[in-house]
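# Summary of the model geometry
Now for the letters of each chain:
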Amino acid sequence: MDSTSGPALYPLHRCKTLHLVRHAQGHHNVAAEKNHDEYMSEDYFDAALTPLGWQQVDNLHKHVLACGLLKKIELVIVSPLMRTMQTAVGVFGGGDCTDGVGRRPLMSANAGDSDRSAISSLNCPPFISVELCRELLGVHPCDRRRSITQYQRLFPAIDFSPIENNEDVLWKADIREKNEEVVERGIKFLNWILTREEKEIAVVSHSGFLYRTLSAFGNDCHPSVKSEITNQ
């Protein structure tokens, strides 16, 4: 993928449509708005969604149902953190589980102390978790993930097979990922998406990751277009 080349035309069957979603409000977001230093607090390790965050999820779920988008999406890719997975399954999942359905739920009841019912994996696209679309790595405990073993119990129907290590070996307590490293990781992520067969894909990630990745594109466009691409 060349992010510096000029305009080009491609046949539609060679293109993909990506629906990029930033997770809903997390507890760490609320705390950091009052005091930015709260990003350093272990209290917000792998922060979950707030009640307002769940309202945002429910509103977006209603929207993707009403506009028919849920039927079009062939795959949901999600960052392996509590807030992104809660957002992904709430927006693109099959709604509340019903008794007697012998199929693993996307989310177990009350995952992340959410006080939410289990979310069904019926009538929705498959979900896959990929570390390439995580938030900036290091220093902030809210960006450190749990073990995959723990996540598999909380989100049984999400496919975690692309993740190589059970424990979080990418997050470092004393090293924060540099912007250029995030861009490199983001382009690697987009190149990986190009290897997928699916044409219409939803990606549920983080504002920092999405902003820095998209900032690598649109340099040959009008400033208004560039601004729209990188708008948070």
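The preceding data block contains the structure.
These remarks concern the structure in this document. Every value quoted in this text rests on a predicted model; they were computed, and no experiment measured them. Per chain, residues are indexed from 1 in the order of the written sequence. Restriction of local features to residues with pLDDT of at least 70 applies here, the model being predicted, together with a cutoff of 80 or more for giving and counting side-chain atom pairs; totals for whole chains, interfaces and linings are based on all residues. To get the side-chain values, take all heavy atoms of the structure and skip hydrogens and water.

### Concerning the packing of helix H6 (residues 179-194) against helix H7 (residues 207-214)
We apply this condition: Helix axes are fitted to C-alpha atoms over the stretch in contact, other axes to C-alpha atoms as well, and angles between N-to-C directions run from 0 to 180 degrees. Labels follow the DSSP assignment, with helices taken as runs of H or I lasting at least four residues and strands as runs of E lasting at least two, numbered in each case from the N terminus. Should an angle fall under 35 degrees it is taken as roughly parallel, and over 145 as roughly antiparallel, whereas 65 to 115 is taken as roughly perpendicular and any remaining angle as oblique. Here a residue-residue contact requires only that any non-hydrogen atoms of the pair lie within 4.5 Å. We call Asp, Glu, Lys and Arg charged. Ala, Val, Leu, Ile, Met, Phe, Trp, Tyr, Cys and Pro are nonpolar, and the rest, Gly among them, are polar.
With their axes 8 Å apart at the nearest point, H6 and H7 run at an angle of 80° to one another. It follows that H6 is roughly perpendicular to H7 by the angle criterion. In contact with Asn179, Val182, Val183, Arg185, Gly186, Ile187, Phe189 and Leu190 of H6, H7 contributes Phe209, Arg212 and Thr213. In the contact of H6 with H7, the residues fall into 6 nonpolar, 3 polar and 2 charged.

### Description of the nonpolar core
Spelled out, the test is: To form a nonpolar core, buried Ala, Val, Leu, Ile, Met, Phe, Trp, Tyr and Cys residues must be joined to one another through side-chain atoms within 4.5 Å. Using a 1.4 Å probe on the protein chains alone, a residue whose accessible area is under 20% of its type maximum counts as buried, one over 50% counts as exposed, and one in between counts as partly exposed.
Val76, Val89, Phe92, Phe127, Phe155, Ile158 and Phe160 are the most contacted members of the largest nonpolar core, which has 33 residues in total. Within the residue set of this core, elements represented by two or more residues are helix H2 (51-66), helix H3 (69-72), strand E2 (75-78), helix H4 (82-92), helix H5 (148-154) and strand E4 (200-205). If one sorts the elements of this core by residue count, H4 sits on top with 6 residues. Those residues in contact with Val76 that sit more than four places away from it in its chain are Ala88, Phe92, Pro125, Pro126, Phe127, Ile128, Ala202 and Val204. Counting 16 residues, the second-largest nonpolar core is a separate cluster that includes Leu75, Ile128, Leu190 and Ile193.

### Focus: the sheet that holds E2
Strand pairing in a sheet relies on backbone hydrogen bonds, with the paired strands running either antiparallel or parallel. Applicable threshold: Strand pairing is defined by DSSP finding a minimum of two bridges between the two strands.
Taken together, the 4 strands give an open sheet; going across it, the order is E1-E4-E2-E3, and neighbouring strands pair in parallel fashion. Since the sheet does not close on itself, it has two edges, and those belong to strand E1 (17-22) and strand E3 (127-129), each with one partner. Mean inter-strand twist for the sheet, computed between neighbouring axes without regard to direction, equals 20°. In terms of strand pairing, E2 meets E4 through 4 bridges, oriented parallel. In the sheet register, Val76 faces E4, and the bridge partner there is Ala202. Together, E1 and E4 form the strand contacts of H7, whose direction differs from that of E1 by roughly 140°.

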